[in-house]
Amino acid sequence: MHKCGILVSIALFVPSMLVAQIGGAAPAGRENATRATIFGGYSYLRNNSTGFNGWEGQGTFNFNRYLGITADVSGASVTPFSFSALGFSAGTYQHLNNYLFGPTITASAGRSSLFAHALFGEARSSLGAGVGIPIIGGISTGITSANAFAMAFGGGVDIGLTRHLAIRAIQVDYLRTQFNATDALTTGLSSSLGNRQNSFRFSTGVVFRF
């Protein structure tokens, strides 16, 4: 917990210093017209040898043209096992959801921008199973779930189309979750006996600017 506190302090202090340096070099009178952005799109999460497909949503409020605060919510899932025959099917599914919050630095070039963020919050890993039966339909149930501290460090590039619309060409994040070994194993997130899980998240989608 002490290490996490240090990381949070660094994540808040470094962006402020960078903004002060950039702001001193910026021409006077130039302000960021974009006060807030909303992003939504596809997300791919890579955890060891397992790939999760999912989605990501972000909302960012900008205090000035360089510094903002971001709320990030994402969900990813994978089907470790599936079977189907004669109309019957069965399988297991694993979900990982993240709820993160933290500072974002943005550098603009015309309508396009480059950004970096440090996000902290909670992750939820869950394992479930389901069956499909002809006529009756599908039946699913949760098996187990767990919550843990999570943090993500990364950034990306937004390609501006208009003043209020952009395409997020790429966003890449290093995502670290801290499920204990038992929770990671029982929810299907990791087969490692360690208490830390390292993943990379790749996202792309649409950005609305206000």
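Whatever comes next refers back to the structure up there.
Now for a description of the structure that goes with this document. Bear in mind the structure is a predicted one, so any value in this text is a computation, not a measurement. (Residues numbered from 1 in each chain as written. Predicted model: local features only at pLDDT ≥ 70, side-chain atom pairs only at ≥ 80, totals over all residues. Heavy atoms only, no water.)

### Structural notes on empty space enclosed by the protein
Then, number 1: For the structure shown, the criterion picks out one cavity of 30 Å³ or more.
Then, number 2: Taken as a whole, the largest cavity encloses approximately 40 Å³ of empty space.
Then, number 3: Taken together, S43, L45, W55, S74, G75, A76, L96, N98 and R201 make up the full set of residues lining the largest cavity.
Then, number 4: In terms of residue count, strand β3 (residues 67–85) provides more of the lining of the largest cavity than any other element does, three residues in total. (1 Å grid on protein atoms, 1.4 Å probe; cavity = no way out; pocket = protein on both sides within 12 Å on 5 of 7 lines; lining within 4 Å. Points joined across faces, edges and corners; volume = space filled by probe spheres on them. Helix = DSSP H or I, 4+ residues; strand = E, 2+ residues; numbered from the N terminus.)

### Topic: the packing of aromatic side chains
Then, number 1: Counting across every chain of the model gives three aromatic pairs.
Then, number 2: Relative to F153, the ring of F120 has its centre 5.7 Å away and its plane inclined at 85°; by these criteria the two rings are edge-to-face. Separated by 33 residues along the polypeptide, F120 in strand β5 (residues 112–133) and F153 in strand β6 (residues 137–160) bring together distant segments of the chain.
Then, number 3: Exposure remark for F153: the relative accessible area of 29% places this residue in the partly exposed category.
Then, number 4: Sitting over the ring of F39, R168 keeps its end group 4.3 Å from the ring centre. (Phe/Tyr/Trp six-rings, centres within 6.5 Å; stacked < 30°, edge-to-face > 60°. Buried < 20%, exposed > 50% of the residue type's maximum accessible area, 1.4 Å probe, protein only. Lys NZ or Arg CZ within 6 Å of the ring centre and 35° of its normal.)

### Remarks on the nonpolar core
Then, number 1: Ranked by size, the top nonpolar core spans 15 residues in total, and within it L45, L96, L100 and F179 carry the most contacts.
Then, number 2: Only β4 (88–109), β5 and β6 provide two or more residues apiece to this core.
Then, number 3: The element best represented in this core is β6, accounting for four residues.
Then, number 4: Each residue touching L96, except ones within four places of it in the same chain, is listed here: L45, S74, G75, A76, A123, R124, S125, F179 and L189. (Core = buried A, V, L, I, M, F, W, Y, C linked by side-chain atoms within 4.5 Å. Contact = heavy atoms within 4.5 Å.)

### A look at the pattern of salt bridges
Then, number 1: Within this structure, the stated rule accounts for four salt bridges.
Then, number 2: Between R168 and D158 there is a salt bridge, and its shortest N-O distance comes to 2.7 Å. Here R168 is found in strand β7 (residues 165–177), whereas its partner D158 is found in strand β6, with 10 residues between them in sequence. In this pair, the class of R168 matches that of D158, namely buried.
Then, number 3: A salt bridge links D173 to R201; its shortest N-O distance comes to 3.0 Å. Separated by 28 residues along the polypeptide, D173 in strand β7 and R201 in strand β8 (residues 197–209) bring together distant segments of the chain.
Then, number 4: Residue classification places D173 among the buried residues on the basis of a relative accessible area of 0%.
Then, number 5: One connected set of salt bridges, linked through shared partners, spans E56, D72, D173 and R201. (Salt bridge = Lys/Arg side-chain N within 4 Å of Asp/Glu carboxyl O.)

Function cannot be read off these values alone, since they describe shape.
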